[in-house]
Amino acid sequence: MTIVFSYAAYKFTDAIEGVGGEERVAWETVSWFAERGHRVYVCSPQFALSRQYENLIPIEISDCDYKDEKRWTKKIQKVLRFDRQSRKAIRRIIQNETVDAVHHLCPAYPGFSSSVSKLSAPFVYGPATVQYDRKIEGVRSSTIKRVFTVVYGVIKRFRYAKTLRQAARVLVEVDYARRYLPRRIRSEAITLYNSIETQDYDPKRTIGAGAEALQSTEILYHGGIRSNKGIEVLLRAIAVLINDRQQSCRATLIGPIHNPAIPQLAKDLGISEHIDFLPPVPYTHIRSVLDRKALYVFPTLQDNCPKGLLEAMAMGHPIITSDVMDIPLIVRDGVDGVIVPSGDPIALADAIVDLTADPGRQKALAKSALDRVQRDFDRQKRMIELEKLYQSLE
């Protein structure tokens, strides 16, 4: 097949260190198809490839580096410029050879939708954009973000919805995202959850790998140390355990600190000596860092299908997480982990105490989570599903 990825990521790179989730997903998806022998074109404002790859043809749309633009008017101009120039590039490809599918892979802004509209080849759109309804305490939007929220609403109504209706297939990363699609296509959208290379995860010392269950409370988390991940909720739950219930507890939080007020909160609660804030580790080392005996607590306030949660499941940890969006569909309550109400430190503290006190339940949940991620969230299986979807387009 010949596949055109009309927008893979703002920066398309084969580096796996120091990049965001969008860049990593783009590279994993595109490279998988190129390695399978498909001819793949990629449009992006920036490329950072360490070498040339067989079957992978980059199409750099220059002078569209909108992320570095400070003025929102210039930012929108560059977004729209990328639309126009990438659409022209895609049309030239379609005129010169048979294109089996166009995939608008990572629609960071709905404005990009015009780059795949009115094409003479079927296109796949998505994962479609998800809005977050919940306002996170202590997180304020800048003026530019508020402006973009207004712009987003206008574009969504007049261009985004039209493009979605033109798509041969619309993908969503989570079922929750369907509510933001035009009504007539909500039921037709295809859910394609995030995935990981489960074969790369080989736990040795975790509970799911056969280690003895915890006798004292050891908590593990990895990811961004920020408010929307519910880290303040976790700290308050730990304070309840230590200060109110006189229980021993140790927590290891691994990741970049985006909100300096969070370590300060640990000090204010009097629990800083029980919390280890560790810096982010290279992606290639994350599996060894996670290979320890602990309860994995993911108290997020808003998330789609977080890769960090899948990684913890693949490492065989007992999981405690929150009831937001599709997470209860990924981690089934009482089967693969424990689900608690988001933003409730008392409920979270209760869940930590109950699970620590039940060794048999720790083992059962960890083993079930490990089996589930290998069965339902393996990247090879997910890519084969996507390949079949491309082949079904006419």
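Fair warning: this is a prediction, and the values are worked out from it, not measured in the lab.

Asks: Before we go on, may I ask you to explain the overall build of the protein in this structure?
Replies: Looking only at helices and strands, one finds 11 helices and 15 strands in the protein. Each of the 394 residues in the protein was classed as buried or not, and the buried ones make up 56%. Considering only intrachain contacts with a sequence separation of at least 6, the fraction spanning at least 24 residues in the protein is 69%. For the protein, the accessible area works out to roughly 17600 Å², and carbon and sulfur atoms hold 48% of it.

Asks: Can you help me understand the packing of aromatic side chains in this one?
Replies: When we look at a pair of aromatic rings, we describe it by the centre distance and by the angle of the planes. If you walk through the whole model with that rule in mind, you get 9 aromatic pairs. One residue, R287, lies across the ring of Y201, its end atom 5.3 Å from the ring centre.

Asks: Looking at this model, I keep getting lost on the nonpolar core. Mind explaining?
Replies: Nonpolar side chains tend to gather and get buried jointly when the protein is soluble and globular. Ranked by internal contacts, the top residues of the largest apolar core, which has 97 residues, are L235, I238, I320 and L348. In terms of residue count, helix 4 (residues 231-244) provides more of this core than any other element does, 10 residues in total. The contacts of L235, once residues within four sequence positions are left out, are L253, I262, L265, A266, L269, I271 and I275. Membership of the second largest hydrophobic core comes to 25 residues, among which are F12, A34, L105 and L192.

Asks: What's the story with the sheet that holds strand 6 (residues 101-104) in this structure? I'm lost.
Replies: Read across the open sheet, the 7 strands follow the order 5-3-1-6-7-8-9; overall the sheet is parallel. In this open sheet, the two edge strands, each paired with only one partner strand, are strand 5 (56-60) and strand 9 (190-191). When strand 6 meets strand 7 (residues 123-125), the two strands line up parallel, connected through 3 bridges. Within strand 7, the residue paired with H103 across the bridge is V124.

Asks: Which parts of the structure should I look at to understand helix 5 (residues 261-268)?
Replies: All of the buried residues along helix 5 are I262, L265 and A266. Looking straight down helix 5, one finds its buried side chains confined to an arc of 100°; they lie on one side. Along helix 5, exposed side chains directed more than 90 degrees from the buried face belong to K267 and D268. Packed against the buried residues of helix 5 are helix 4 and strand 12 (275-278). Trailing helix 5 by a residue or two, G270 shows a phi angle of about 75°, which is positive.

Asks: What is the right way to read helix 2 (residues 72-96) from this model?
Replies: In an α-helix, one turn spans 3.6 residues; hence positions three or four apart end up facing the same way. In this model, helix 2 (25 residues) spans 36 Å end to end at C-alpha, consistent with the 36 Å of a helix rising 1.5 Å per residue. The set of residues buried in helix 2 consists of K75, K78, V79, F82, D83, S86, R87, A89, I90, I93 and I94.

Asks: What exactly am I supposed to notice about the pairing of strand 8 (residues 169-172) here?
Replies: Consecutive side chains along a regular strand alternate between the two faces of the sheet. Pairing between strand 7 and strand 8: 2 bridges, direction parallel. Each bridged residue has a counterpart across the sheet, and for Y125 the counterpart in strand 8 is V170. Note: strand 8 against strand 9, 2 bridges, orientation parallel. Bridging across to strand 9, L171 finds its partner in I190.

Asks: Is there a simple way to think about the sheet that holds strand 15 (residues 338-340) in this case?
Replies: Paired through backbone hydrogen bonds, the strands of a sheet run either parallel or antiparallel to each other. Pairing within the open sheet is parallel, and its 6 strands lie in the order 12-11-10-13-14-15. The open sheet has two free edges, formed respectively by strand 12 and strand 15, since each of these has just one partner strand. Across the sheet, the mean angle from the axis of one strand to that of its neighbour is 20°, orientation sign disregarded. Of the pairings in the sheet, the one linking strand 14 (residues 319-322) to strand 15 comprises 3 bridges and is parallel in character.

Asks: Please explain the pattern of salt bridges as it appears in this structure.
Replies: Side-chain pairing between opposite charges can occur once the charged atoms of the two side chains come close. The tally for this structure, following the rule as stated, stands at 15 salt bridges. Between E387 and R36 there is a salt bridge, with its nearest N and O atoms 2.7 Å apart. A residue pair is termed long-range when its members are at least 10 positions apart, and E387 in helix 11 (residues 379-391) and R36 in the loop between helix 1 (21-35) and strand 3 (39-44) qualify at 351 residues. On the accessibility criterion, E387 (8% relative accessible area) is buried.

Asks: Honestly, the side chain of T206 in this entry has me stumped. Any pointers?
Replies: Mapped onto the elements, T206 comes out in the loop between strand 9 and strand 10 (217-222). The exposure class of T206 is buried, given its relative accessible area of 0%. Apart from residues lying up to four places away in sequence, T206 is in contact with A211, L290, D291, R292, M315, G316 and H317.

Each value, and the rule that gives it
For every chain, the first residue of the written sequence is number 1, and numbering continues from 1 onward in sequence order. With pLDDT at 70 or above as the cut-off, local features in this predicted model cover only qualifying residues; side-chain atom pairs require 80 or more to be listed or tallied, and sums for whole chains, interfaces and linings still use all residues. Side-chain metrics in this entry use all non-hydrogen atoms of the structure; hydrogen atoms and water are not considered. Counting from the N terminus, the helices are DSSP H or I runs at least four residues long and the strands are E runs at least two residues long. For the exposure calls, accessible area comes from a 1.4 Å probe over protein chains only, and a residue counts as buried if that area is under 20% of its type's maximum, exposed if over 50%, partly exposed in between. Throughout, a contact is declared for two residues whenever any of their heavy atoms are within 4.5 Å. All accessible areas in this document rest on Shrake-Rupley with a 1.4 Å probe, and a residue is counted as covered only by the protein chains that are shown. For Phe, Tyr and Trp, where Trp contributes only its six-membered ring, two rings pair if their centres lie within 6.5 Å, and the inter-plane angle classes them as stacked under 30 degrees, edge-to-face over 60, or tilted in between. When the NZ atom of lysine or the CZ atom of arginine is within 6 Å of a ring's centre and also within 35 degrees of its normal, the charge is said to sit over that ring. Residue types Ala, Val, Leu, Ile, Met, Phe, Trp, Tyr and Cys, when buried and joined through side-chain atoms within 4.5 Å, form a set referred to as a nonpolar core. When DSSP finds two or more bridges between a pair of strands, those strands are recorded as paired. Arc definition: directions from the helix axis to the C-beta atoms. Each residue after the first adds 1.5 Å to the expected span of a helix. All axes are obtained by fitting lines to C-alpha atoms, using only the stretch in contact for helices, and the reported angles, taken between N-to-C directions, cover 0 to 180 degrees. Criterion for a salt bridge: a side-chain nitrogen of Lys or Arg within 4 Å of a carboxyl oxygen of Asp or Glu.

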